[in-house]
Every structure is written in C-alpha cells, then in structure tokens.
Amino acid sequence: MNRLIRAAALGAATTLLAFGAQAQTVKIGFIDPLSGLMAPVGQNQLHSWQYIAEIANQKNWAGGPKFEIVGFDNKLSPQESLTVLKQVVDQGIRYIVQGNGSSVALALADAVAKHNERNPGKEIVYLNYAAVDPDLTNSKCNFWHFRLDANSDMKMEALTTFLAKDKNIKNVYLLNQNYSFGQAVAKAAKDYLAKKRPDIKIVGEDLHPLAQIKDFAPYVSKMKAAGTDTVITGNWGSDLALLIKAAKDAGLNANFYTYYAATTGVPTAMGAAGEDKVRFVGYWNVNNEKFVGADVAMGYQKKFNDDYYTMATYTGIALLAKAFKETKSTDPVKVAHALEGMKVESLNGEVEMRKSDHQALQPLVVAKWVKVDGKTVKYDQEKTGYGWKTEALLPTYLATQPTSCQMQRPK
Amino acid sequence: MEFFVISLLNGVSYGLLLFMLSSGLTLIFSMMGVLNFAHAAFYMVGAYVAYSVGLKIGFFPALFVAPVVVGLLGAAVERYGLRTVHRWGHVAELLFTFGLAYLIEETVKVIWGLAAVPYRVPAALDGHLFTLYSTSFPKLRGFMMLVALLMLLSVWLLLKRTRIGLVIQAALTHPHMAEALGHNVPRVFMLVFGGGCALAGLAGVIGGVAFITEPSMAASVGPIVFVVAVVGGMGSLAGAFLASLLIGVMQTFAIALDWSLAGMLGAIGISVNEATPLYSLWKLQISQVAPVLPYLLLVLMLIFRPKGLLGTRAD
C-alpha cells in the first residue's frame, strides 16, 4: 500500500515536472532555535521568512516557482544542527537558511560543503542571514555559503565611524559574550578605535558567558568605577536587555552602542530607560527617510502581533527569486553561480552579493532609541511607545571591508 | 571605596534574592526529603501570575495573590501527584518533579507565549532609594532585600514559635507518632509542599520584575538554586541563608577582579605570552570565570564537606 502511494506520488511529481516549472514549490529549510532561551528570536525570524515568502508568492517574484519555508529546531547547538541538516537532506530540501550563532554557522557551512562534494547532483545552498563572524567570508569562506547580513567587522567600521564624530566620548568599555562572535566584536572595536580615535581610552574589557548572567549590576559598578562614558557591546537577547536595565538602575550615564538592541525582548526591557542612550548599527530601520518597508512591517505586525526586523529575509528571498528567474531553474548549482555578484533592490537599497567571498554589500544605518514623534519616528517597537530614529546612513562603500577569501568554485 | 560599598550592596541584595528562591527548596527537602526539580518552574509561574494579576489589581496586591496561587498549585500537585508517587520512593518523586518542570514550562509557553512579557516595575518602586557617592541604589533592590528578610523572619517564627510549626516538625521527623496522636500527616506534607512553592512564587514576583519574565527564566535559575541548597547544607534554612549571601557577594566581587594566572606569573617574573602553550587558560581572568565559581564551590563542598555549611546530616 505504502509503496503504491509512493509510486503514485512519484508519478504525480514527474507529471508536474513535465508540465514545466509553473507549479513548482521550492522548500527552504529554516534551521534555528525554536525552543529554549532564544526561541522567541527564532520564532520571530521563522515568521519573517514565511511572511516574505508569502509576499513573493503572491507577487510571483520568481516567475513561477513558489517558496515554502519549513522550520527545524536546532536548539542553538552546532551538534544538533548537523543532525537537522541530515533530516533536511532526507526530505529532499535543497536550500537552507540559518542565522543565530556563528558557532552554528561555521559548523553548517563546513557540513554543507562536505555534503555537496560527496553528493553531486544533490547540492545544497546555504543562506546565512545573521551569523556575523568575519571568518565565514574570509579564512573559512566557501562557495555554498552566502551571507545576507553585514559581518561584524563591517558593522564595527560603521559604528566607530559614527562614534568617532562625538568628541565627548573619551572612555569606552567593551562588554561582550565569551564566544567567537563576542571576541570578534571586542577585537574589532579596539582595532578600529585605535585607528579612528587614538585618544579614546579603553577603560575596561569584559567577556562573560553567553546567556547565563542574571544580574549585571556588578559589571555596571565596574563600568562606573572605570569612569565609562560609552559602552560598546555585541550582546543580544537577555544579555543585552538585562545589561541596560542594570545600567539604568545604578544610574550609569553612558551611551550604549550595540548591534542587536532591536531584536525580540530588548525593546521591552529597555522601555524608557534606554531613551537617547541606546543605539544600534544594522542594515535597516523601519523609520528610514521614506519609511521603505513599513508596509511589510505593518503586515507582519498584523499577522503575527510581533515586530519585523530581520530584513535579510527580504534580501534573501529577493536574491533567490531573481536567480530562479535568470537561470529559469531552481537547481542549487545553477542558482549558486547566478547568485555570485548579483544585485537586488532590498528594503535598504541596493544589495550586492560580492562574488569574491559571498558577502552581501549594503548600506548600514545607526539608529537611536527615542520616543515616537509621528514624524521621523512613526513606528515603535514591542508597543513601548519608543522607536528607532535613523541618525546616520552609511553608504555601501564606507561599510565595505576587504576579504582574504580565496573562493574555490566547483567545476 | 565607593566601588567596594556598592559591590557589597549588590552582592547582598542578589544573595537575598537567591535565598528567597532556594529557601522553599530547602524547606521541602528538609521536611519531606523531596528534591523538587520543578522548584524554579514555580518561581516562573509566580512571576507570570503576578504579571497577569498585576495588570488588573496592581503590583502590591499581586505580591500577595501570586504566592497564594502558586502555593495552591503546589498543594494540588502534592495532593494529586506527589502523594501517589511517594510510595514508589524518592527516585520516583525526583523523576516526577523533573517531568513536572517541563510540563509547567510548556504550559507557560502556551498561555503567555514565547516572548518576554512587559512586566514593569511599579511606579512606587521605580527610582532611587539613596545615592551613595555617585552611584544610585534602586528602590527595587532595597525592596527585594526587605521582602527576603521579612520572609526569613516569618518562616522562622512559623516553624519555631507556633503550634502548627511544632506539628509540622513532629510530623516530619516522626510521622507515625504524629499520626497516632491524631494529626493528619498527609495534610501536613501538602501544607509544606504548598508553602515551599508559595515561597518560590514570592521570589518570582520580585525576580520577574527585577529581571525578565520569559519562558526560560526557570531554566536559567534552576541550577544555582541547587548550589545554594547544597552549599548551605541540605535542609538547613540558616545554611541556605548564609550560602546565598556568600554566593551573591563572591560572584559580585569576582567580576571586579581582573586577575589572571598570566598576570600573577608576570608579577613574579615569568613571562607568559601568546606563544605559551595553553595561553587561553593562563590569561583567563577571574572576572571571566565568575559565573562558574558557584559551581566550583558546589563541587568542592561535596568533596570536602558533603553536609554543607550548616547541614546536620551527612548521608
């Protein structure tokens, strides 16, 4: 019986193929935490992918093929992700997306490369939408990995360029999570500050374990004792929310330059306490000059009662759709070649997938946490009454970094 | 000096929160012998209930309502779950509470969702209690310390100075005798378990507002609660109190110390640099390992003094 069904299904599939690519659905495996500490972030991003896929299907971006996002829970563990990858392969899914945790990204990039080498004809393309360890597009770059987010060095370049203009900043404190990403942020901050503002003193530097600290008051009193006026941190999730809360409680009057203050949970924790003090550097802010993408954000808000901030999902689907259209195929090998050097219009302007290292090049923004005023800041986050005001827009060329990648392309 | 005083205050107030969290666990363990893995889950329920109830009636009434709700929940768990499992011994009880912790967590996710809820500090506690040198001390922390001390006092009075406390102690050490004297021992157990859970709920009301109310808050405090109970001495309320303060202060001060083995060796003239094998280990600063210190203490305590600081039994 089972075999019969399978045969029938196979028959149906072949018929569909024979009738052309019109009704084809491309499945994309989403591999990110859907349980545990970072589940709220993962859920939000899964919804983001699904929502953009829905828009793309409605507007027929790909000229035929439809997108379907299938969520897989990797529990934020590299080990688990590799198991999930096998599942993805077994289900015949040829495209994967992942973003949370550079440790996971490094493991996946490596596993995908090996899989593709050993299974010609069954290649997988990996779109990394948020893991920003620079290594992924430098020493450890590979052909099947495409990064949609700006990497940590690019963000730090943008952030320090902006920060350097503020002459009141004298004493900087670096607080980061103790793993590859946090260490990369700390190192880049020191390097760039030394170049751009050698007069700025690094008055303290700490690395703390990821997602384990509940009470940041001791760190804050350390900052205070060191005379900190500005904190640079790559912290995300509760690590950032609790830090800002503790700073407010102790009356630490310092600026916070962050990467992830706009992600799930942080706005709620900041509330009024972060006003005028917290900034983030990223690739998009809904309160941009022309409010590009506000319709997407509002539609998302309506559907999921949550905020849309992972704009890389838009870039990702747009890139894939264009590649499908250009190659008239959904074959990952053809698509991967087509993606190299491709340019698409995303919500933050033109995004180019650099050929040499598969790093997306795009403009970056620095935004500040302020009260919604209905003019430049129309949209708030997590219903706090506060939103992000665009303070600086850095054109693509300013945020671009050289790469040491020597790309090995399949023949 | 400013740094020292503020750090001490931070340490003590964090320690007191730890105490609120672990006192219920210690009580339940000392009286019933049940190692309640779901304890942190009750803490979380306390936070969520206080948030929901607080929206309607305000924070301060919720401060009383939430522990009662959690206590009733705990009592129900004892009556309809634990009591049945009890006859299969302690391992079964342990596994039962282990499963229960997961169940509670998932239920919380279903009811309140995966994201953090906006549990805000009430206006009366928002702001600064006093300013020391240039650092301000938040009212909420002061309130946290006050509640913890009041809790310690009332639990102690209840157990040592009231009739019901006497019955509880009797029922726990000599259950058959107490039963023969006409006391309802199963009900005493229910009371103790419910009471222990209510204490966790109370800690949740405060902890939830001081930190973040989200579904993983239970998992994040789960381990540290056990450290407090073990270091203080399984079953000793005073021990738990001491251990909480010790861990709170130790962790706070460790963060302030940028000492490393490399630095120490450097001071006596041995140079350690990136070429040295295991350099990443040598340069590790005390501030970096601060969050691990309580667990180190747990391991050392179990090796050298298994009964804990003030524990009475060594088994």
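Residues numbered from 1 in each chain as written. Chains lettered and ligands numbered in written order. Predicted model: local features only at pLDDT ≥ 70, side-chain atom pairs only at ≥ 80, totals over all residues. Heavy atoms only, no water.

1. Comments concerning the overall build of chain A
- Looking only at helices and strands, chain A has 13 helices and 15 strands in total.
- By residue count, 61% of the 411 residues in chain A fall in the buried class.
- Restricting the contact set of chain A to residue pairs at least 6 apart, pairs at least 24 apart contribute 71%.
- Working note: accessible area of chain A is about 16,200 Å², and carbon and sulfur atoms make up 53% of it.
- Taken as two groups, the 48 positive and 40 negative side-chain charges of chain A have centres that lie 2 Å from each other. (Helix = DSSP H or I, 4+ residues; strand = E, 2+ residues; numbered from the N terminus. Buried < 20%, exposed > 50% of the residue type's maximum accessible area, 1.4 Å probe, protein only. Contact = heavy atoms within 4.5 Å. Areas by Shrake-Rupley, 256 points an atom, 1.4 Å probe, with all protein chains shown as cover. Lys, Arg positive; Asp, Glu negative; His and termini not counted. Charge placed at Lys NZ, Arg CZ, Asp CG, Glu CD.)

2. Some details on the state of the cysteines
Residue and element names in this part refer to chain A.
- Per the counting criterion, the structure on display carries one disulfide over all chains.
- There is a disulfide in this structure between C141 and C405, and the S-S distance comes to 2.0 Å. Classification of the bridge connecting C141 and C405 rests on its S-S torsion, roughly 80 degrees, and on that basis the disulfide is right-handed. Taken together, the residues C141 in the loop between β4 (125-128) and β5 (145-147) and C405 in the segment after α13 (396-399) connect sequence positions 264 residues apart. (Disulfide = S-S within 2.5 Å.)

3. Topic: helix α11 (residues 312-327) of chain A
All names here are of chain A.
- Compared with an ideal rise of 1.5 Å per residue, which puts 16 residues at 22 Å, α11 spans 22 Å between its outermost C-alpha atoms and is within 8% of the ideal.
- Among the 16 residues that make up α11, 12 are buried, leaving the element largely enclosed by the rest of the structure.
- Two residues or fewer past α11, K328 is found with a positive phi of approximately 50 degrees. (Expected span 1.5 Å × (residues − 1).)

4. Quick word on the layout of surface pockets
Residues and elements named next belong to chain B.
- Volume-wise, the largest pocket comes out at about 800 Å³.
- Looking at the largest pocket, it is lined by 28 residues, and the ones nearest its centre are L158, G194, G195, A198 and L199.
- Of all the secondary structure elements, the ones that give two or more residues to the lining of the largest pocket are α1 (2-32), α3 (59-86), α5 (139-161), α6 (163-173) and α8 (185-210).
- Among the elements that make up the lining of the largest pocket, the one with the highest residue count is α8 (nine residues).
- Considering only residue class, the lining of the largest pocket consists of 23 nonpolar, five polar and no charged. (1 Å grid on protein atoms, 1.4 Å probe; cavity = no way out; pocket = protein on both sides within 12 Å on 5 of 7 lines; lining within 4 Å. Points joined across faces, edges and corners; volume = space filled by probe spheres on them. Nonpolar A, V, L, I, M, F, W, Y, C, P; charged D, E, K, R; others polar.)

5. Digging into the interface of chain A and chain B
- Taken residue by residue, the interface counts 33 residues in chain A and 34 residues in chain B.
- At the boundary of chain A with chain B, total buried surface from both sides reaches about 2,700 Å², with 59% on carbon and sulfur atoms.
- The interface formed by chain A and chain B holds two salt bridges in total.
- The interface formed by chain A and chain B contains six residue pairs in polar contact (both at pLDDT 80 or more). (Buried area = accessible area lost by both parts, 1.4 Å probe. Salt bridge = Lys/Arg side-chain N within 4 Å of Asp/Glu carboxyl O. Polar contact = N/O pair within 3.5 Å; in protein donor to acceptor, adjacent residues only side chain to side chain.)

6. Some points on the nonpolar core
- Within the largest apolar cluster, 122 residues are counted, with the highest numbers of intra-cluster contacts made by W388(A), M20(B), M32(B) and F42(B).
- Top contributing element to this core by residue count: α8(B), with 14 residues.
- Setting aside residues up to four positions removed in sequence, M20(B) forms contacts with M144(B), V147(B), A148(B), M151(B), L199(B), A203(B) and I206(B).
- Grouped together as the second largest cluster of nonpolar side chains are 109 residues, V84(A), A109(A), Y259(A) and Y260(A) included. (Core = buried A, V, L, I, M, F, W, Y, C linked by side-chain atoms within 4.5 Å.)

7. Quick word on the environment of D258(B)
- Summarising the element assignment, D258(B) is placed in the loop between α10 (237-256) and α11 (261-267).
- In sequence terms D258(B) and Q288(B) are 30 residues apart; their C-alpha atoms lie 8.3 Å from each other.

8. What to know about the pairing of strand β6 (residues 171-177) of chain A
All names here are of chain A.
- Across the seven residues of β6, seven count as buried, placing the element largely inside the fold.
- Neither face of β6 is open: one carries N171, Y173, L175 and Q177, the other V172, L174 and N176, and all of them are buried.
- As judged from the seven bridges shared by β6 and strand β7 (residues 201-208), these two strands associate in the parallel manner. Residue pairing for β7: L174 is matched across the bridge by E205.
- Handedness of the crossover is the feature at issue here: the chain leaves β6, passes through helix α6 (residues 180-196), returns alongside β7, and the resulting connection is right-handed. (Pairing = 2+ DSSP bridges. Right-handed = clockwise from strand over helix to strand, strands pointing away.)

9. Let's talk about the sheet that holds strand β3 (residues 95-98) of chain A
Residue and element names in this part refer to chain A.
- Read from one edge to the other, the open sheet built from five strands follows the order β2-β1-β3-β4-β5, with strand pairing classed as parallel. Of all strands in the sheet, those bounded by a partner on one side alone are β2 (66-73) and β5. Across the sheet, the mean angle separating the axes of adjacent strands is 25 degrees when strand polarity is ignored.
- Where β4 meets β5, three bridges bridge the pair, whose relative direction is parallel. If you follow Y126 over to β5, its bridge partner there is H145.
- Packed onto the sheet, helix α3 (residues 78-90) meets β1 (25-32), β2 and β3 and runs at close to 140 degrees relative to β2.
- Contacts between helix α12 (residues 332-339) and the sheet are confined to β3, β4 and β5, with β4 contributing the most and set at about 40 degrees to the helix. (Axes fitted to C-alpha atoms, helices over the stretch in contact; angles between N-to-C directions.)

10. Observations concerning the side chain of E105(B)
Residue and element names in this part refer to chain B.
- One can find E105 in helix α4 (residues 90-112).
- Relative accessible area serves as the criterion here: at 17%, E105 is assigned to the buried category.
- Non-local contacts of E105, meaning those with residues more than four positions away in its chain, are made with M44 and P215.

11. Examining the sheet that holds β6(A)
Residue and element names in this part refer to chain A.
- With respect to topology, seven strands assemble into an open sheet ordered β7-β6-β8-β9-β10-β14-β15, the strand pairing being mixed. Sheet topology places β7 and β15 (386-394) at the edges, where each strand pairs with a single neighbour. Recorded for the sheet is a direction-independent mean angle of 20 degrees between the axes of neighbouring strands.
- With three bridges joining them, strand β9 (residues 255-258) and strand β10 (residues 278-282) adopt parallel strand pairing. Residue pairing in the sheet places T258 in a bridge with F280 of β10.
- Sheet contacts for α6: β6, β7 and β8 (230-233); angle to β6, the most-contacted strand, approximately 160 degrees.

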